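# Report on the structure
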Amino acid sequence: MLIDSHCHINSEDLRLDARAVVTRAWDAGVRRMVIVGCDFEDSCEALALAEDFSQFGLYASIGIHPHEAKRYDSVPEEFGRLVHDERVVAYGEIGLDYHYDHSPRDIQQKMFEKQLEFALEHSKPVILHIREAMPDAMNILKYYRDLKLMFHCYSGGTEYLDAVIEMNAVCSFGGAITWAGKNAEDLRDVLRRMPAENILLETDSPYMSPIPFRGKRNEPAYIRYVYETAAREKNMTLETLEAQVEQNAKRFFGWE
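Everything quoted here is computed from the prediction, not taken from an experiment. The numbers attached to residues start from 1 for each chain and follow its sequence in the written order. Where totals are concerned, whole chains, interfaces and linings use all residues; where local detail is concerned, this predicted model gives features only for residues with pLDDT of at least 70, and gives and counts side-chain atom pairs only at 80 or more. In computing side-chain properties, one takes all heavy atoms of the structure into account and sets aside hydrogens as well as water.

### Topic: the overall build of the protein
- The helix and strand labels rest on DSSP assignments: H or I over at least four residues marks a helix, E over at least two residues marks a strand, and numbering proceeds from the N terminus. In terms of helices and strands, the protein carries nine helices and eight strands.
- Against the globule reference of 18 Å for 256 residues, the protein gives a C-alpha radius of gyration of 17 Å, in line with a compact fold.
- Buried residues in the protein amount to 59% of all 256 residues.
- Summarising the internal contacts of the protein: among those between residues at least 6 apart in sequence, 73% fall at separations of at least 24. Put simply, the radius of gyration uses C-alpha atoms, and a globule should come to 2.2 Å times the residue count raised to 0.38. Partly exposed residues are those whose accessible area sits between 20% and 50% of the maximum for their type, while under 20% is buried and over 50% is exposed, using a 1.4 Å probe and protein chains only. We call two residues in contact when some of their heavy atoms are within 4.5 Å.

Below is the structure:
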């Protein structure tokens, strides 16, 4: 079983082609996909798609991305209802993004804390988006040890690896591990050092396409290329890695 732990079928690039995208993923052996929300409307669409295509193993995550933090004073009231839907398996993606700074950093931090409190209140695992903000993120997360955390597209390098493992967080790796160049090699080094039980894999589609599709639209069907690279770097058979990631995902997301 292949699992795409983070994708955006609700994005502008994929939503109109959703049935074909989901069907191609299923035909490629992908049996679980988590569609991630980035604002209120996006989250509602993620859940709608997860319900419409539940037979293909689609689930949803709801949340407010740090880019959108400036648009919200608090967690949307309707999330209090949506979070209990059986297809909603996580809260996120939430966090801090200091690369683009689309929202002021102080506002990002406040919204991050509010959403962590919400996830804690509703006992939901959290999907994190942390970019060039690990010091501030880790300073905030130390107060939320009871939450299950997933670092989507982990970018903390080896510097934060021990701290992340000590938190028992999982780290999700995507198409970037298939790329060439120093940054990709550094990321593969992190993957090699990461305990197998802390690893999830993702496409982040329609973004971050793996080789040989880099520069083209990404899809959940391409998760196999991420698995193949991860298996090679971890010196594991593909079958062993699939079984491990399946176990990790079940433990994190709580699905059957």
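Once the structure has been displayed, the description carries forward.
### Side note on the pattern of salt bridges
- Salt bridges are counted wherever a side-chain nitrogen of Lys or Arg sits within 4 Å of a carboxyl oxygen of Asp or Glu. All chains considered together, the criterion is met by 18 salt bridges.
- For arginine 145, the salt bridge identified is with glutamate 166, shortest N-O distance 2.7 Å. Of the two residues, arginine 145 is situated in the loop between helix H5 (134-141) and strand S6 (149-151) and glutamate 166 in helix H6 (residues 161-166); the sequence distance between them amounts to 21 residues.
- Residues aspartate 186 and lysine 182 are paired through a salt bridge, measuring 2.7 Å at the closest nitrogen-oxygen approach. Of the two residues, aspartate 186 and lysine 182 both sit in helix H7 (residues 182-193), four residues apart, roughly one turn of that helix.
- Residue classification places aspartate 186 among the partly exposed residues on the basis of a relative accessible area of 36%.
- In this structure lysine 182 comes out as exposed when scored by relative accessible area, which is 62%.

### Structural notes on unusual backbone geometry
- In this model, glycine 92 is joined to glutamate 93 through a cis peptide bond whose omega is 20°.
- The peptide bond linking serine 205 to proline 206 adopts the cis configuration, its omega dihedral lying at 15°.
- Relative to the helices and strands, proline 206 is located in the loop between strand S8 (199-201) and helix H8 (223-233).
- Although it is not a glycine, aspartate 204 sits at a positive phi angle of roughly 55°.
- Mapped onto the elements of the fold, aspartate 204 is located in the loop between S8 and H8.
- Classification of aspartate 204 as buried rests on a relative accessible area of 9%.

### Overview of the packing of H7 against H8
- Orientation is described by axes fitted as lines to C-alpha atoms, over the contacting stretch for helices, and by angles from 0 to 180 degrees between their N-to-C directions. Between H7 and H8, whose axes approach to 9 Å, the crossing angle comes to 65°. One way to sum up the angle between H7 and H8 is to call them roughly perpendicular. In terms of crossing hand, the pair formed by H7 and H8 is right-handed. Taken together, the residues of H8 that come into contact with H7 (itself represented by Arg188, Leu191 and Arg192) are Thr229, Ala230 and Glu233.
- Its residues placed into classes, the contact of H7 with H8 shows two nonpolar, one polar and three charged. Each angle gets one of four labels, with under 35 degrees taken as roughly parallel, over 145 as roughly antiparallel, 65 to 115 as roughly perpendicular, and the rest as oblique. Less than a right angle of anticlockwise turn of the near helix away from the far helix marks a crossing as left-handed, whereas a clockwise turn marks it as right-handed. Note on residue classes: Ala, Val, Leu, Ile, Met, Phe, Trp, Tyr, Cys and Pro are nonpolar, Asp, Glu, Lys and Arg are charged, and everything else, Gly too, is polar.

### Focus: the environment of glutamine 108
- Topologically, glutamine 108 is positioned in helix H4 (residues 105-121).
- Accessibility expressed as a relative area gives 2% for glutamine 108, which makes it buried.
- In this structure the C-alpha to C-alpha distance between glutamine 108 and phenylalanine 213, which are 105 residues apart in sequence, comes to 33 Å.
- A distance of 2.7 Å separates the side chain of glutamine 108 from the backbone nitrogen of aspartate 97, its partner in a polar contact. Here a polar contact means two N or O atoms within 3.5 Å. Within protein one must be a hydrogen donor candidate and the other an acceptor candidate, and residues neighboring in sequence count only if both atoms are side-chain atoms.

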